[in-house]
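The primary structure of each chain is shown beneath.
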Amino acid sequence: MCGILGFSSTTACFNHKKFESNLSLLNHRGPDHQDFWMDDAGKNFMGFTRLSIMDLTESGNQPMVSHCGKYRLIFNGEIYNQLELKKQLVECNYKFNSRSDAEVLLNAYIEWGKDCFKKFEGMFACAIYDIHRMELILARDISGQKPLYFYQKNGTLAYASELKPLVESIDKSKKINLNALNHYLGNGYIPRKESIYVDFQKL
């Protein structure tokens, strides 16, 4: 497993230093490499901790940038049918620098847009940022095997693989979601999109 932590905002309202620092809270998910990308305006941040599996070289490091330079990706998971999709993408003249399924996912999004998520067989959570359109896409596998939490308010969006680094990165009180707490005490888990904290949700 790997760890992702990021934000996207219409105003530079998040303290990016907190996000950089709190990437270390995800080291247990990805001890092999840690890095981040942030745009010049400080409005978009993508942090990643990597557990190397599919490709052990630096070519599989993230955040990953597309060949055209237009897209950035952070991705946690595994695409089981990546070789089949890669073959289709090569036939569409896409080139690959790695054996990472992250690069397959990124090129698949460039070729097929949001329809690419219907083609994936696997478990994943990812964030894709389109620099030219200033659009952020968050996606998760349909079974929800890979976690993805987010906070959204007043033109801001922050997200992470786990709650702790997300909550710690935002100047927000840890107010308990009583409805979610009741579900947890009664059922042993929190269903649907809620989390244990108010204003923080699961994708």
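Trainee: What is the right way to look at the pairing of strand β7 (residues 135-140) in this model?
Mentor: Pairing of strand β6 (residues 122-130) with β7 involves six bridges; the strand directions are antiparallel. Note on β7: the bridge partner recorded for I128 is I137. Between β6 and β7, which pair antiparallel in sequence order, lie four residues; one of them, M134, sits at a positive phi of approximately 55°.

Trainee: What should I look at first to understand helix α2 (residues 82-91) in this one?
Mentor: For α2, every residue scored as buried is listed here: Q82, L85 and L89. Seen from one end, α2 has its buried residues packed into an arc of 65°, which puts them on one side. The exposed residues of α2 that point more than 90 degrees off its buried face are L83, K87 and E91. Next to the buried residues of α2 lie β5 (71-79) and α3 (101-112). Backbone geometry just downstream of α2 places N93 in the positive-phi region, at approximately 75°.

Trainee: Is there a simple way to explain the sheet that holds strand β4 (residues 64-65) in this structure?
Mentor: Strand pairing within a sheet occurs via backbone hydrogen bonds; the two strands may be parallel or antiparallel. The strand order β4-β5-β6-β7 describes an open sheet built from four strands, whose pairing is antiparallel. This sheet does not close on itself; its edge strands, each paired only once, are β4 and β7. Seen against the sheet, α3 touches β4, β5, β6 and β7 and runs at an angle of roughly 125° to β5.

Trainee: Got a minute to help me understand the pattern of salt bridges in this structure?
Mentor: In this structure the tally under the stated criterion is five salt bridges. Here E135 ties to R133 by a salt bridge, and the two come within 3.8 Å at their closest N and O atoms. Judged by relative accessible area, which is 58%, R133 ranks as exposed.

Trainee: Help me understand the side chain of S195, please; the structure alone is not making it clear to me.
Mentor: As for its position among the elements, S195 is in the loop between α5 (178-187) and β10 (200-202). Residue classification places S195 among the buried positions, given a relative accessible area of 2%. Leave out the neighbours within four places in its chain, and S195 touches Y149, L163, N177, A180, I190, F200 and Q201.

Trainee: Sorry if this is basic, but what is going on with the nonpolar core here?
Mentor: Across soluble globular proteins, nonpolar side chains show a tendency to be buried alongside one another. Counting 22 residues, the largest nonpolar core has L73, F75, I79, L105, F120 and I128 as the members making the most contacts within it. Those elements that place two or more of their residues in this core are β5, α2, α3, β6 and β7. When residues of this core are assigned to their parent elements, the largest contribution, six residues, is made by α3. Formed by 17 residues, the second largest nonpolar core is a distinct cluster that contains Y151, A160, V167 and F200.

Trainee: In this structure, what is going on with the packing of aromatic side chains? I would like to understand it.
Mentor: Aromatic ring pairs: the centre-centre distance and the angle between the two ring planes describe each pair. This model, assessed by the stated rule, comprises 14 aromatic pairs. A ring pair is formed by Y71 and Y109, whose centres lie 6.0 Å apart and whose planes are at 80°; its orientation type is edge-to-face. One end of the pair, Y71, is in strand β5; the other, Y109, is in helix α3, and 38 residues separate them in sequence. Y109 shares its class with Y71; the two are buried. Taken together, the ring pairs connect F7, F14, F19, F36 and F45 into an aromatic cluster. Residue placement shows K119 over the ring face of W112; its charged tip is 4.6 Å from the ring centre.

What counts, and where the lines are drawn
- Residues numbered from 1 in each chain as written.
- Predicted model: local features only at pLDDT ≥ 70, side-chain atom pairs only at ≥ 80, totals over all residues.
- Heavy atoms only, no water.
- Pairing = 2+ DSSP bridges.
- Helix = DSSP H or I, 4+ residues; strand = E, 2+ residues; numbered from the N terminus.
- Buried < 20%, exposed > 50% of the residue type's maximum accessible area, 1.4 Å probe, protein only.
- Arc of directions from axis to C-beta.
- Contact = heavy atoms within 4.5 Å.
- Axes fitted to C-alpha atoms, helices over the stretch in contact; angles between N-to-C directions.
- Salt bridge = Lys/Arg side-chain N within 4 Å of Asp/Glu carboxyl O.
- Core = buried A, V, L, I, M, F, W, Y, C linked by side-chain atoms within 4.5 Å.
- Phe/Tyr/Trp six-rings, centres within 6.5 Å; stacked < 30°, edge-to-face > 60°.
- Lys NZ or Arg CZ within 6 Å of the ring centre and 35° of its normal.

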